[in-house]
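Listed below, chain by chain, are the residues.
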Amino acid sequence: MSHAQAPKGALAKLLIGASLAFVALFLVLPLALVFVSAFAEGAGAYFEALADEETWSAVKLTLLTAAISVPLNVVFGVCAAWLLSKYDFWGKSALLTVIDLPFSVSPVIAGLVFVLLFGSGGWFYSALSAADVKIIFAVPGVIIATTFVTFPMVAREVLGVMEAQGSDEEEAALTLGASGWQLFTRVTLPKIRWGVAYGVILSNARAMGEFGAVSVVSGHIRGETNTMPLHIEILYGEYNFVGAFAVASLLTLLAVVTLVLKQWVEWRTARAARGFEGAPAEDSLEGQRALLGGAP
Amino acid sequence: MSVRVESITKRFGADAGRVTGVSGVSFEAPSHAITSLVGPSGSGKSTLLRLVAGLEQPDQGRVLVEGEDLTRVPVQARRLGFVFQNYALFRHMSVFDNIAFGLSVRGASRKEQAARVSELLELVQLADYAKRLPDQLSGGQRQRVALARALAPRPRVLLLDEPFGALDTQVRVELREWLHRLHEQTQVTTLLVTHDQEEALELSQHVVLLREGQVEQAGTPTELYESPRSAFVASFLGGAQILKGQVSEGQLQLPGQELSADVDHADGAVEAFVRPHDVRLVRADEPGGAPARVERLIRVGGFVKLTVRLDSGEVLQVQMSRTAQLDLGVEAGDPVRVDLGGIRVIARRGYSI
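## A few points about the interface of chain B and chain A
Counting residues at the interface gives 40 residues for chain B, matched by 31 residues for chain A. Counting each side, the surface lost to burial between chain B and chain A is near 3200 Å², with a carbon and sulfur contribution of 55%. Interface area lost by chain B to chain A is led by Gln76, Arg91 and His92 of chain B, which between them contribute 19%. For the interface between chain B and chain A, the tally reads one salt bridge. The partner of arginine 50 of chain B in a salt bridge is glutamate 171 of chain A, and the shortest N-O contact between them spans 2.6 Å. Put simply, chain B and chain A have seven residue pairs in polar contact (both at pLDDT 80 or more) between them. Of all the secondary structure elements, the ones that give two or more residues to the side of chain B that touches chain A are α2 (75-78), β6 (80-83), α3 (95-104), α5 (139-151) and α6 (169-186) of chain B.

## A look at the domain arrangement of chain B
When the parts of a complex come together, some accessible area is lost, and that lost area is often used as the size of the interface. Residues and elements named next belong to chain B. Domain parsing of chain B yields domain 1 (3-232) and domain 2 (240-345). On a C-alpha basis, the centroid separation for the pair domain 1 and domain 2 is 39 Å. Facing four residues of domain 1, the contacting portion of domain 2 comprises six residues. Both faces considered, domain 1 and domain 2 share a buried interface measuring about 470 Å² in area, 46% of it formed by carbon and sulfur atoms. If you sort the residues of domain 1 by the area they bury against domain 2, Tyr225, Glu226 and Ala231 come out on top, with a joint share of 83%. The tally of links from domain 1 across to domain 2 stands at one salt bridge.

## Structural notes on the confidence of the model for chain B
Across chain B, the average pLDDT comes to 88, with 94% of residues at 70 or higher. Confidence drops under a pLDDT of 50 for residues 349-353 of chain B, and excluding neighbours within four residues, the segment shows six contacts in the predicted structure.

## Observations regarding α5 of chain B
In this model α5 of chain B runs 18 Å from its N-terminal to its C-terminal C-alpha over 13 residues, within 8% of the 18 Å that 1.5 Å per residue would give. Burial within α5 of chain B is extensive, with 13 of its 13 residues counted as buried.

## A closer look at the packing of aromatic side chains
Here the structure, examined in full by the defined rule, presents 16 aromatic pairs over all chains. Ring centres 5.4 Å apart and planes at 80° place the aromatic pair phenylalanine 114 of chain A and phenylalanine 148 of chain A in the edge-to-face group. Within this pair, whereas phenylalanine 114 of chain A is found in helix α6 (residues 107-118), its partner phenylalanine 148 of chain A is found in helix α8 (residues 139-165), the two being separated by 34 residues in sequence. Relative to phenylalanine 236 of chain B, the ring of phenylalanine 232 of chain B has its centre 6.0 Å away and its plane inclined at 20°; by these criteria the two rings are stacked.

## Describing the sheet that holds β6 of chain B
Residues and elements named next belong to chain B. Here we have six strands laid out as an open sheet, ordered β6-β7-β8-β3-β9-β10, and mixed in their pairing. Edge positions in the open sheet fall to β6 and β10 (214-219), since each of these has one partner strand only. Taken pair by pair, the neighbouring strands of this sheet meet at an average axis angle of 15°, ignoring direction. Taken together, the five bridges between strand β3 (residues 34-38) and strand β8 (residues 189-194) define a ladder with parallel strand orientation. In the sheet register, serine 36 faces β8, and the bridge partner there is leucine 192. Packing of α5 onto the sheet brings it into contact with β6 and β7 (157-161), and relative to β6 it is tilted by some 170°.

Here is what the cut-offs are and how they apply
Residues numbered from 1 in each chain as written. Chains lettered and ligands numbered in written order. Predicted model: local features only at pLDDT ≥ 70, side-chain atom pairs only at ≥ 80, totals over all residues. Heavy atoms only, no water. Contact = heavy atoms within 4.5 Å. Buried area = accessible area lost by both parts, 1.4 Å probe. Salt bridge = Lys/Arg side-chain N within 4 Å of Asp/Glu carboxyl O. Polar contact = N/O pair within 3.5 Å; in protein donor to acceptor, adjacent residues only side chain to side chain. Helix = DSSP H or I, 4+ residues; strand = E, 2+ residues; numbered from the N terminus. Domains from an automatic or database assignment. pLDDT = per-residue confidence, 0-100. Expected span 1.5 Å × (residues − 1). Buried < 20%, exposed > 50% of the residue type's maximum accessible area, 1.4 Å probe, protein only. Phe/Tyr/Trp six-rings, centres within 6.5 Å; stacked < 30°, edge-to-face > 60°. Pairing = 2+ DSSP bridges. Axes fitted to C-alpha atoms, helices over the stretch in contact; angles between N-to-C directions.

Spelled out as structure tokens, the structure:
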């Protein structure tokens, strides 16, 4: 990394001051306000708001959604990254573009698509209602929409790691007789684990915080299909500010934990990468010679 | 375990970029010997090795080991050891686990693994390094671990892809000697890919010289060195210089020069080659040879490299020991006479009298 020459004097102070003011105004202040508002009527009111049954149901649904969509994304993401980095096939670039689709489409539209597919009058509606399966305005819809919007997170991360590391170790494992499964569990997975961890953190954060797509498919049924972001909006709409901000504070705490984890994983990844590149610090000839010369 | 490659062809699509294919390549690597696949970059030698290993699938042709057709056998089942130029060690495993990998995936017991690994650590002289991670080793040490890992499952053939290419010269020369001793101990049939002609000549009993995806000439190092069948072989091995000439009645005549040499070749236009250390210089006031002038003289340790321009216009590179140069007493700019007694005619492939 090259350090550009630091601006000097008044200009530097101006730039640093402006940046700090911006960060304070747009990032720190709103976050602080969340907690201030949550505790506006004291700790008692705060915990009372959290103890609310509907709030708990929203927290549980959010956790359930993340617990299902994140593992799905891990499995899909690792498979897709494997496919895209190890094989050349027709339509590869098309698949790469499609994977990014959830990033480029507005979440509301993503939600609408699922309503059109599974909702009343949708393509699969008659088949689903015949089987007595309800997706839209029910928990499965929330999970499907969340999985959709978090789709590219793990795949993108792992793909990057796999492409950076190449396939040499995999080829070596093959020549040593490893089966496909041994190759994956013993060589590839350890190589990409920090990429996977990073992807999990990102998709978990998005899964818990998703509003748009979930809002369209959930139907906002209290105690049933409300996730935390949806519940916050409802409470806020009802002028229950303490309740809204209490739930918001939980989500904010989650964000902070995510950031810390993310930092940690980045640090671990950087350390692993450093160890890789800067390794042969001492390609010491003397050491070599001593070893070689010591041969009988 | 002899390896036979029969008219193998592999083409890569236009988007494959720098990977070179091979077309219609056949050669045989004898048992217990080191066979070098040598050629400039882009000659397809690494592709050929990967085809033998099964890391690439040929479009046509066959790969046989000890008579058994392996062409359709998957990599894992071929039991060939492969050593990559960039080591390709498992970065997250210790040296021990790296070497044991090929044994453990085949279900060897912990005890068997430990015994074999310590045997190999001894062989590659890294007994004290078993617990290290690859990142904690030097380049030469990593390459020896890679070699031990490839040897651990007792492969039928050892395939080495530019094994010393990423190392600096001194380590490379030492590892080369070490590999020579190792091969004498293990006697594993070995295919060695290298672009370094010296490595090929020094290490192998058999050389396959490739050019643009085809075999240019194959044989013992001496055969290729002494009797190259093309100007390419002559200049690739030993840096021979090519001169065009005419043979008549057993005499090689080089145009515009009074020098001639006795050769065993039929009459006609020929290409002749002479290596820098086979050109003899004599003082300008002595008889024999063609008149010339030393244009440039560079001292490289105990050697001197001279660029000599013949009066007829041809430029020759000459190499001699520093002592010989001092005895001769020539410096840059001095007139000399050139004796091309060491010149030979290239016997063309398919040449008939």
